Number of protein chains: 2
Amino acid sequence: MSRSYAIIGTGALGGLYGALLQKVGLDVHFLLHSDYQHVQTHGLIVESPLGNFTLPQIQAYNDAAQMPACDVVIVALKTTQNHLLPQLLPPVVKDDGVVLVLQNGLGIEDDVAEIVGGERVIGGLCFLCSNKVGAGHIRHLDYGEIKLAEYTPNYQPMGITQRLQQIARDFEGTGIPILLESDLLLARWQKLVWNIPFNGLSVVLNARTDELMAHSSTRILAEELMREVVTGAKSSDRLIPDSFLQKMLDYTLKMTPYRTSMKIDYDDRRPLEIAAMFGNPLHFAQERGVTLPKITMLYQQLQFLAKMS
Amino acid sequence: MSRSYAIIGTGALGGLYGALLQKVGLDVHFLLHSDYQHVQTHGLIVESPLGNFTLPQIQAYNDAAQMPACDVVIVALKTTQNHLLPQLLPPVVKDDGVVLVLQNGLGIEDDVAEIVGGERVIGGLCFLCSNKVGAGHIRHLDYGEIKLAEYTPNYQPMGITQRLQQIARDFEGTGIPILLESDLLLARWQKLVWNIPFNGLSVVLNARTDELMAHSSTRILAEELMREVVTGAKSSDRLIPDSFLQKMLDYTLKMTPYRTSMKIDYDDRRPLEIAAMFGNPLHFAQERGVTLPKITMLYQQLQFLAKMS
């Protein structure tokens, strides 16, 4: 019998991954909110460098309580919606099922672990450019890779488990590369090396990534912020080498000019994921006696802008 | 014979002080640029809480070489125009005259000293809300006090000299309070305690002073930036007590909601005085082995925005 997936949040990210899984034959159940009526009638449209396609019929729900319990539950909401998870998650997770948290930031698996138990939580990090351009209409622009790693309450690395390998197999044929990692905490800090400077500065300075890289003052500032992320990671003995920073800077220079996800949220007047992406890492480092002054300042600026918008 | 003043830059600041000096009977010569024709014909209009008045005729010039040498030359240009001073200053300073530098920032007297000799330079700090609302039309909104202090190349305090007292007497009757200070460097750092956080953050966060004070994240950040200014001052043994910071914060809370001068420049797409107000103080502290990370970051952000605007 085909493995079942629940997609909690059918937006640019959840909608894309869910549609690709359905396309390769898995049994996918989509939770929707504002787009529910439209998608129930018209299905999903996906534009993607992996090939454009339409799913005229999907298993759509606007109430988690109506969904079947699934083998894998993908949390694809923005972290600003996580207060909804205590209602949404319990009905959709099978007893031996897992919850895959495809969200940005740090410490977000803790929220999910409190609801379903830490042993059922897997962390996922998406490297994806995708927008929702209309109801049930997703435009996948670039990238798509997902890193998966087991969650444990104290971030002890757990190695590569069978269930991680099973999810990787489920994605075979979707065109989405799955990388299995043994250390979730290291992967999360590594992702913050890019996310903290570029999401933060793009909002505060109203700029695209290429503009931030084109000026020496912001290129230097981005690198200094990256170094503070490295210091944060080191507070729990995760070492990120200089070569990793250099790779991130080179990669950003070569990227297509790009509005970051936080900048898109800000421009569209949606809540910003600053607690998960800035507040939690700062708190995490602070608890280990480490202060990160420039990231703190960027967070203060973002908190102000979030309230003013 | 009445003392003569030259006003180098007849804008919101130079125009106001010059008009008030003429009104109390001094011999004032005004250098203008874009407003020259209009002011030559129509004179100056001043709206002020000190009383509205018009000067139908003033001694206006659009060429410094045509001006007489004066007893006191007031430099009232923005620091972004200081590259013009080597041309403008020499003809207008009497042999026993002085140059009064009414500009923001740190280290700006050095530029003037190189041109006219350090012994002829006096530093002035203006606490003024004034806008130019049209050609030759100045709207003085609030405050107006000027602090004066002698300049010396190594910022050795010089005490209160006779020539400072003479200038203070010249302002008698204008309604502008003149405070004489013995230590220019201390006065400059004290002024930066307010200017650095509020000018900088108002531009980066597109905010008025009352908005910055209304949110805890920016109120705390402003205070942290103030503490770095105190650290900068301490690098050359100028001590600014905590009570001074508290007074500045209280005063900002009570101020009329206000766009800072740098924000007005930014909104009007004029060059920003960031080199004088941020670059020079950072360089000054750096030379004494002191780094100011948050002010550095704010300067980096401002440099980016200045280039993008």
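See above for the structure.
Worth saying up front: this structure is predicted, and the values here are computed from it rather than measured. (Residues numbered from 1 in each chain as written. Chains lettered and ligands numbered in written order. Predicted model: local features only at pLDDT ≥ 70, side-chain atom pairs only at ≥ 80, totals over all residues.)

Participant: Can you tell me about the overall build of chain A, naming the residues and giving the values?
Facilitator: For chain A, the count of helices and strands is 12 helices and 10 strands. Taking 309 residues into account, the globule formula puts the C-alpha radius of gyration at 19 Å, and chain A, at 19 Å, falls close to it. For chain A, buried positions account for 48% of its 309 residues. Sequence separation of 24 or more characterises 69% of the internal contacts of chain A that already satisfy a separation of 6 or more. (Helix = DSSP H or I, 4+ residues; strand = E, 2+ residues; numbered from the N terminus. Rg over C-alpha atoms; globule rule 2.2 N^0.38 Å. Buried ≥ 20, exposed ≤ 12 C-beta atoms within 10 Å, placed from the backbone. Contact = placed C-beta atoms within 7 Å.)

Participant: With reference to specific residues and values, describe the pairing of strand E9 (residues 137–150) of chain B.
Facilitator: Looking along a regular strand, one sees the side chains alternate between the two faces of the sheet. Residues and elements named next belong to chain B. Of the pairings in the sheet, the one linking strand E3 (residues 44–47) to E9 comprises three bridges and is parallel in character. Opposite Ile45, over in E9, you have His137 as the bridge partner. When strand E8 (residues 121–134) meets E9, the two strands line up antiparallel, connected through 11 bridges. Along E9, the bridge assignment pairs Ile122 with Glu150. Following E8, the chain reverses through two residues before pairing antiparallel with E9; Gly136 in that reversal takes a positive phi of roughly 65°. (Pairing = 2+ DSSP bridges.)

Participant: For the interface of chain B and chain A, give the residues involved together with the corresponding values.
Facilitator: The interface is formed by 18 residues belonging to chain B together with 18 residues belonging to chain A. Residue contributions to the side of chain B that touches chain A peak at 10 residues, all from helix H12 (residues 293–308) of chain B. The class makeup of the residues in the side of chain B that touches chain A is nine nonpolar, six polar and three charged. (Nonpolar A, V, L, I, M, F, W, Y, C, P; charged D, E, K, R; others polar.)

Participant: Please provide a residue-by-residue account of helix H3 (residues 85–92) of chain B, values included.
Facilitator: All names here are of chain B. Among all positions in H3, only Leu85, Leu88, Leu89 and Val92 are buried. With its buried residues spanning 90° around the axis, H3 presents them on a single face. Looking at the buried residues of H3, the elements they touch are strand E1 (4–8), strand E6 (70–75), strand E7 (93–101) and helix H4 (108–116). (Arc of directions from axis to C-beta.)

Participant: Which residues make up the relation of the copies chain B and chain A, and what values do they have?
Facilitator: Rotating chain B by 180° and moving it 0.0 Å along the rotation axis overlays it on chain A with an RMSD of 0.0 Å. The transformation just described matches what one would write down for a two-fold rotation axis. When the interface residues of chain B are mapped onto chain A, 100% of them again fall at the interface, so both copies present the same face. (Least-squares fit on C-alpha atoms with pLDDT ≥ 70 in both.)

Participant: Explain the environment of Phe30 of chain A to me, using residue names and the numbers behind them.
Facilitator: Residues and elements named next belong to chain A. Take Phe30: it is sitting in strand E2 (residues 27–31). As a C-alpha pair, Phe30 and Tyr5 span 25 residues in sequence and 8.4 Å in three-dimensional space. Setting aside residues up to four positions removed in sequence, Phe30 forms contacts with Ile7, Thr10, Gly18, Ile58, Gln59, Ala60 and Tyr61.

Participant: Hey, could you go over helix H6 (residues 184–204) of chain A for me, with residue numbers and the actual values?
Facilitator: Residue and element names in this part refer to chain A. With 21 residues, H6 extends 29 Å from end C-alpha to end C-alpha; this agrees with the ideal 30 Å at 1.5 Å per step. When the local axis directions of H6 are compared, the greatest deviation, roughly 35°, occurs at Leu192. Within H6, 19 of the 21 residues are buried, which leaves the element mostly enclosed by the surrounding structure. Just downstream of H6 lies Asn206, where phi reads positive at about 50°. (Expected span 1.5 Å × (residues − 1). Bend = angle between axes of the 7 residues up to and from the residue.)

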